[in-house]
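Residue-level structure breakdown
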Amino acid sequence: PDRFPVGERCTTAVSLCDLFPTFLGAANISEDGLSLDGSDLAQVASAPDADRVVYSQFAEGASAIYMAVSDNWKYVYSAADQAEFFFDRHEDPRELHNLADSSDAAVSKDQMKQTLLRYLESVDAQEAYTKTGDTLEWCSFPPKDEAYLKDPDAELLVQDYPSYPLELPGYSDS
């Protein structure tokens, strides 16, 4: 507890990657020789940085969701939907108003988008972006075939799993 300022709130963006360095710092264990993505939260809290951006990725390729968060902004891109989400973290802390299509937020959104794409380029996440000259853009994937969703019984365990015994009491009509 004595590692953090008492009664103060730090709005610098942080990530789960920051927890391990924080645990090491709390245990007085050196980070020397370790390649860590995060920062000790005690250091972050003692020197807030409104320009710090943290990144996240869920899945990859056509199913991926990418995110960049700063003190002011949160930018999310869903590859499956080819949809952008952009939130003002100060004016809309509950993230209820997507500003992705707002002309008032266009410059800030594009800055966060490019920050995220440059980060993905730096970690060689080539499935995420395309590059033409110096311009980075999201990779486009063909739409997922969701025709099976029209059948309410599609992909149910009993119907669609070929090696599953179909004549079980309570699982079939017989």
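Up top you'll find the structure we're talking about.
So, here is what we can say about the structure in this document. Note that the structure is predicted; figures quoted are calculated from it, not measured.

So, the nonpolar core
Among the nonpolar cores identified, the biggest contains 21 residues, and Tyr66, Tyr75, Phe86, Leu116, Leu120, Ala128 and Trp138 are the most heavily contacted of them. When contributions to this core are tallied by element, the ones reaching two or more residues are strand E2 (65-69), strand E3 (73-78), helix H3 (106-122) and strand E6 (135-138). It is H3 that provides the largest number of residues to this core, a total of 4 residues. Non-local contacts of leucine 116, meaning those with residues more than four positions away in its chain, are made with Tyr55, Tyr66, Met67, Ala68, Tyr75 and Trp138.

Brief notes about H3
Taking 1.5 Å of rise per residue, 17 residues should cover 24 Å, and H3 covers 24 Å from first to last C-alpha, within 8% of that figure. Of all the positions in H3, only Ser108, Lys109, Met112, Lys113, Gln114, Thr115, Leu116, Leu117 and Leu120 are classed as buried. The inward-facing, buried residues of H3 abut strand E1 (54-58), E2, E3, strand E4 (83-88), strand E5 (129-132) and E6. Backbone geometry just after H3 places aspartate 124 at a positive phi near 60 degrees.

Thoughts on the packing of aromatic side chains
Centre-to-centre distance and the angle between the planes together describe a pair of aromatic rings. Under the definition given, this model contains 5 aromatic pairs. Judged by centre distance (3.9 Å) and plane angle (0 degrees), the ring pair of tyrosine 55 and tyrosine 119 falls under stacked. Here tyrosine 119 lies in helix H3 and tyrosine 55 lies in strand E1, a separation of 64 residues in the sequence. The interplanar angle of 5 degrees and the centroid separation of 4.2 Å between the aromatic rings of tyrosine 77 and tryptophan 138 together place this pair among those described as stacked. Highlighted residues: tyrosine 77 in strand E3 and tryptophan 138 in strand E6, separated in sequence by 61 residues. What makes tyrosine 77 buried here is its relative accessible area of 6%. Among the aromatic side chains, those forming a connected cluster through ring pairs are Tyr66, Tyr75, Tyr77 and Trp138.

Description of a nonpolar patch on the surface
A cluster of nonpolar side chains, contributed by Leu16, Leu19, Phe20, Phe23 and Leu34, occupies part of the molecular surface with about 540 Å² of accessible area. Tracing the backbone shows leucine 19 in helix H1 (residues 19-26). Classification of leucine 19 by relative accessible area gives partly exposed; the value is 32%.

About the criteria used
- Residues numbered from 1 in each chain as written.
- Predicted model: local features only at pLDDT ≥ 70, side-chain atom pairs only at ≥ 80, totals over all residues.
- Heavy atoms only, no water.
- Core = buried A, V, L, I, M, F, W, Y, C linked by side-chain atoms within 4.5 Å.
- Buried < 20%, exposed > 50% of the residue type's maximum accessible area, 1.4 Å probe, protein only.
- Helix = DSSP H or I, 4+ residues; strand = E, 2+ residues; numbered from the N terminus.
- Contact = heavy atoms within 4.5 Å.
- Expected span 1.5 Å × (residues − 1).
- Phe/Tyr/Trp six-rings, centres within 6.5 Å; stacked < 30°, edge-to-face > 60°.
- Patch = residues over 30% accessible without salt bridge, like charges linked within 9 Å, V, L, I, M, F, W, Y side chains within 5 Å.
- Areas by Shrake-Rupley, 256 points an atom, 1.4 Å probe, with all protein chains shown as cover.
- Salt bridge = Lys/Arg side-chain N within 4 Å of Asp/Glu carboxyl O.

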